Amino acid sequence: EVTMEDGLVKVVAPIDETPAAKAGVMANDIITKLDDEQVQGLTLNQAVEKMRGPVNTKIKLTIMRKGQDKPIEVSITRDVIRVKSVRSHSEGEDVGYIRVTQFNEQTTDGLKKAISDLTNQLGAEKVKGFVLDLRNNPGGLLDQAISVSDAFLDKGEIVSTRGRNAEETQRFNARPGDLTKGKPLIVLINGGSASASEIVAGALQDQKRAVILGTQTFGKGSVQTILPLDDHSALRLTTARYYTPTGRSIQAVGITPDVDVELPKETLASITQQGGEFDENPEIHERDLPHHFQNGQKKDAAPAAGESAAPAPGADKGDKGPGAKNAKAKEEKDVQLDRAIDILKHWNTFKMQLAKGEVQPDASAKSN
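All values reported here derive from a predicted model rather than from experimental measurement. (Residues numbered from 1 in each chain as written. Predicted model: local features only at pLDDT ≥ 70, side-chain atom pairs only at ≥ 80, totals over all residues. Heavy atoms only, no water.)

> Got a minute to help me understand the sheet that holds strand E15 (residues 234–243) in this structure?
Across a sheet, strands are paired by hydrogen bonds formed along the backbone, either parallel or antiparallel in direction. In spatial order, the strands read E11-E10-E15-E14; together these four strands make up an open sheet with antiparallel pairing. With one partner strand each, in any of the chains shown, strand E11 (170–173) and strand E14 (222–228) form the two edges of the open sheet. Each adjacent strand pair in this sheet contributes to an overall mean axis angle of 30 degrees, direction not counted. Relative to E15, strand E10 (residues 157–162) runs antiparallel, the two sharing three bridges. Considered in E15, the bridge of Arg 162 is made with Arg 241. Along the sheet, helix H4 (residues 142–150) contacts E10, E11 and E15; its crossing angle with E10, the most-contacted strand, is approximately 155 degrees. (Pairing = 2+ DSSP bridges. Helix = DSSP H or I, 4+ residues; strand = E, 2+ residues; numbered from the N terminus. Axes fitted to C-alpha atoms, helices over the stretch in contact; angles between N-to-C directions. Contact = heavy atoms within 4.5 Å.)

So this is what it looks like as C-alpha cells:
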C-alpha cells in the first residue's frame, strides 16, 4: 500500500506475504527510484504501473529510510499478489485472536473459518473470548462489513446509509445466529481503521456486543456511487453518509474506543523498524484533510479521549498476527492486544467496572 508525498512514493504498509514484504520493504520507506529512474515527476498511478510487471521479473527500488544516511537498494521479484484478508491464532489456551486486514470478497468466509478453527482448537467451553483486530484496516466492501458484523450479532441494526433525501435511507439489519455463541468480544482499532472497519466497530459498539479498544479511528464515513458516462468514463460521486445503529455519523469523526489505549511511541518506532503494520500517525484523520466531506450532525471534531457512545449510547504474517518480522516485538510490547487479553481473562470484573463508569484510559501505555 503506497501513497504520494512530496512527489515521491511513500510506503504506507507492506502487505503480508507479498514480494515487497519479503524483500524487507518497510512502512514509511520513501521510494525515490524505480530501476534507477527518478520517481519525481511521475504520478502515483504511473509509479505503480512501473512497479507492476510479469511474474518472476525483477525491479530495483531505491529507498530512503529514516535513520539511514544513504539510500537503500532493494531488488524485488514480481509475483501474483494474493491477499489473505483474515489471519488467526490462539493467545494462550483460552483466547482466540482474529486479524482482518481488509474487507474483500473472501473476508467473511475467512472469518467464519477462523472462528470455527479457534473454537475447535481451544474447545468451545474453554474459550474465554475473541479479539477482532481491525487496526490499520482501511476498509473495503460494504456487504462484507455487514456480514462480518452479522457474524457476531443475533439481531438489530448494523448500519444505515442516509443521502440528501430521507427516502434514500437504507438500513441493514443482523440475522439470527452469533457464530461465537455470545462469547466476549474485543475489537482493536486505531487511526488507520477506516470505512468498513468503522462500520463494524460502530455496529458492535452500539449493539453492546463488543468492547472497542485502542485509539480514535480515521473517520471515513461517506458513501460513493459510480455513475457511468456516455463516453465510457465514469464519475465517482459522494451520495450518502454511514450511520451507526444509534444514529452517529462516522464521517470526519470516526469511532471512539470504550477503552483508550495508545501504543507507546517507542513501541511504534520499534515495530515499524521491523516492518510491522502498526505505524500510525494519530494526528492525521479524515477531518484533517483539506475540503473533507462534513459530518452532517455537528461541527467536525474528535470526541474527548475515553468518551464513548457505548455501552451507554449518547455518552497481519502467517498465523502469528501482523508482521512475522515483528512477531517478537508484538508479543512483548503490543500493549493494546495485551490489554484486550487481560480484559477477557477478567471479564466479569471488567463488566462491573464498565457498568459503574470506572474504566479509564490506559495511562501506563500513554506515559511511555
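Let us keep going from here.
> What is the right way to look at the pairing of strand E6 (residues 72–77) in this model?
It is a general feature of regular strands that their side chains alternate between the two faces of the sheet. By the alternation rule, side chains of E6 split into Ile 72, Val 74 and Ile 76, which are all buried, and Glu 73, Ser 75 and Thr 77, of which none is buried. Relative to E6, strand E5 (residues 58–64) runs antiparallel, the two sharing six bridges. Across the sheet, Ile 63 pairs through a bridge with Ile 72, a residue of E6. (Buried < 20%, exposed > 50% of the residue type's maximum accessible area, 1.4 Å probe, protein only.)

> Whenever I open this one, unusual backbone geometry confuses me. Can you help?
Negative phi values dominate among residues other than glycine, just as trans dominates among peptide bonds. The backbone of Asp 6 shows a phi angle near 55 degrees, a positive value even though the residue is not glycine. Here Ala 252, not a glycine, exhibits a phi torsion of approximately 65 degrees, which is positive. Within the element layout of this structure, Ala 252 appears in the loop between E15 and strand E16 (259–260). Judged by its relative accessible area of 0%, Ala 252 is buried.

> I keep staring at the nonpolar core and nothing clicks. Help me out?
Side chains of nonpolar character tend, in soluble globular proteins, to be buried together. Residues Ile 98, Leu 132, Phe 152, Val 187 and Leu 204 are the most contacted members of the largest nonpolar core, which totals 38 residues. Within the residue set of this core, elements represented by two or more residues are strand E8 (95–100), helix H3 (107–122), strand E9 (129–133), H4, E10, strand E12 (185–189), helix H5 (196–206) and E15. Here this core takes six residues from H5, the largest share from any one element. With residues near it in sequence (within four places) discarded, Phe 152 still touches Leu 111, Ile 115, Leu 132, Asp 178, Thr 180, Leu 185, Leu 204 and Arg 209. (Core = buried A, V, L, I, M, F, W, Y, C linked by side-chain atoms within 4.5 Å.)

> Explanation requested: a nonpolar patch on the surface in the structure shown.
A cluster of nonpolar side chains, contributed by Leu 227, Leu 229, Leu 235 and Leu 237, occupies part of the molecular surface with about 310 Å² of accessible area. Tracing the sequence through the fold places Leu 227 in strand E14. (Patch = residues over 30% accessible without salt bridge, like charges linked within 9 Å, V, L, I, M, F, W, Y side chains within 5 Å. Areas by Shrake-Rupley, 256 points an atom, 1.4 Å probe, with all protein chains shown as cover. Salt bridge = Lys/Arg side-chain N within 4 Å of Asp/Glu carboxyl O.)

> Please clarify how H3 should be interpreted in this entry.
An α-helix turns once per 3.6 residues; consequently, residues spaced three or four apart project the same way. With 16 residues, H3 extends 22 Å between its outermost C-alpha atoms, agreeing within 8% with the 22 Å of an ideal straight helix rising 1.5 Å per residue. Within H3 the residues assigned to the buried category are Thr 107, Thr 108, Leu 111, Ala 114, Ile 115, Leu 118 and Leu 122. Down the axis of H3, the buried set is contained in an arc of 120 degrees. They therefore lie on one face. For H3, exposure combined with an orientation more than 90 degrees from the buried face picks out Asp 109, Lys 113, Asn 120 and Gln 121. In this fold, the buried residues of H3 make contact with strand E7 (86–91), E8, E9 and H4. In the segment just after H3, Gly 123 is the residue with positive phi, at about 100 degrees. (Expected span 1.5 Å × (residues − 1). Arc of directions from axis to C-beta.)

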